[in-house]
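Each chain is listed here by its residues.
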Amino acid sequence: MPTASPSSDRPTAQPGPVRRRIEQASLPALELLSRLPVWLPFLLLLLLLLGGGFLGGPVGWLLVAVALLFILWLLYLSWPRLSGVERVMRVTVLLLFVVVAVVQLVPRG
């Protein structure tokens, strides 16, 4: 009796026109990212987050917002291929960036 592979259990829905356009527009940036060493994008995100946390104010908020947008873009592109646990982990990282961005926006008194 043949067993189905885990990936064949998922429904194969075709992406909509908006998603196809975003994926097509993202191809050059993704190809550039794939040529970089694996550790470099992680290091840049870490530097953006730490720099934003230490600098504070509008500049710090901008650095964190750039990191947030990058993570959101990658999450959007990878969402259909992620398992449930991977989705939870990535949404958690995204929420961490949102919290840091909000803390940067709220003045300290």
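Residues numbered from 1 in each chain as written. Predicted model: local features only at pLDDT ≥ 70, side-chain atom pairs only at ≥ 80, totals over all residues. Heavy atoms only, no water.

(A) A look at the packing of aromatic side chains. Evaluation of the coordinates by the stated rule reveals 1 aromatic pair. An angle of 45° between the planes, with centres 5.7 Å apart, marks the rings of F70 and W73 as tilted. On the criterion of helical spacing, the pair formed by F70 and W73 is a turn pair, its members being 3 residues apart in helix α3 (residues 57-78). F70 sits in the partly exposed class, given a relative accessible area of 22%. (Phe/Tyr/Trp six-rings, centres within 6.5 Å; stacked < 30°, edge-to-face > 60°. Helix = DSSP H or I, 4+ residues; strand = E, 2+ residues; numbered from the N terminus. Buried < 20%, exposed > 50% of the residue type's maximum accessible area, 1.4 Å probe, protein only.)

(B) Up close: a nonpolar patch on the surface. On the surface, W61, L62, V66, W79, V91, L95, V98, V102, L105 and V106 cluster together to form a nonpolar patch covering roughly 840 Å² of accessible area. In terms of residue count, the dominant contributor to the nonpolar patch is helix α4 (residues 84-105) (5 residues). Within the fold, V66 resides in helix α3. (Patch = residues over 30% accessible without salt bridge, like charges linked within 9 Å, V, L, I, M, F, W, Y side chains within 5 Å. Areas by Shrake-Rupley, 256 points an atom, 1.4 Å probe, with all protein chains shown as cover. Salt bridge = Lys/Arg side-chain N within 4 Å of Asp/Glu carboxyl O.)

(C) Structural context of the packing of α3 against α4. It is the contact of α3 with α4, at a shortest axis distance of 9 Å, that shows an interaxial angle of 160°. One way to sum up the angle between α3 and α4 is to call them roughly antiparallel. Here the hand of the crossing between α3 and α4 comes out left-handed. For the pair α3 and α4, contact is made by G57, G60, W61, V64, A67, L68, I71, L72, L75 and S78 and by R90, V91, L94, F97, V98, V100, A101, Q104 and L105, respectively. Of the residues in the contact of α3 with α4, the class split is 14 nonpolar, 4 polar and 1 charged. (Axes fitted to C-alpha atoms, helices over the stretch in contact; angles between N-to-C directions. Parallel < 35°, antiparallel > 145°, perpendicular 65-115°, else oblique. Left-handed = near helix turned anticlockwise from the far one by under 90°. Contact = heavy atoms within 4.5 Å. Nonpolar A, V, L, I, M, F, W, Y, C, P; charged D, E, K, R; others polar.)

(D) View of the pattern of salt bridges. Taken as a whole and judged by the stated rule, the model has 1 salt bridge. Across the pair E23 and R19 runs a salt bridge whose closest N-O atoms are separated by 3.1 Å. Residue E23 and its partner R19 are located together in helix α1 (residues 17-35), separated by 4 residues, close to a single helical turn. Residue classification places E23 among the partly exposed residues on the basis of a relative accessible area of 23%. Residue classification places R19 among the buried positions, given a relative accessible area of 13%.

(E) Structural detail: the side chain of R19. Looking at R19, its side chain comes within polar contact range of the main-chain oxygen of L77, at 3.0 Å. Once residues within four sequence positions are removed from consideration, R19 is found in contact with Y76, L77, S78, W79, P80 and R81. (Polar contact = N/O pair within 3.5 Å; in protein donor to acceptor, adjacent residues only side chain to side chain.)

(F) Structural view of the packing of helix α2 (residues 39-55) against α3. At their nearest, the axes of α2 and α3 sit 7 Å apart, and the two run at 155° to each other. Comparing their axes, α3 and α2 come out roughly antiparallel. Handedness of the α2/α3 crossing: left-handed. Two secondary-structure elements touch here, α2 through L45, L48, L49, G51, G52, G53 and L55 and α3 through G57, V59, G60, L63, V64, V66, A67, F70 and I71. Residues that form the contact of α2 with α3 fall into these classes: 11 nonpolar, 5 polar and no charged.

Everything listed here is a matter of coordinates, which is why it stays silent on function.
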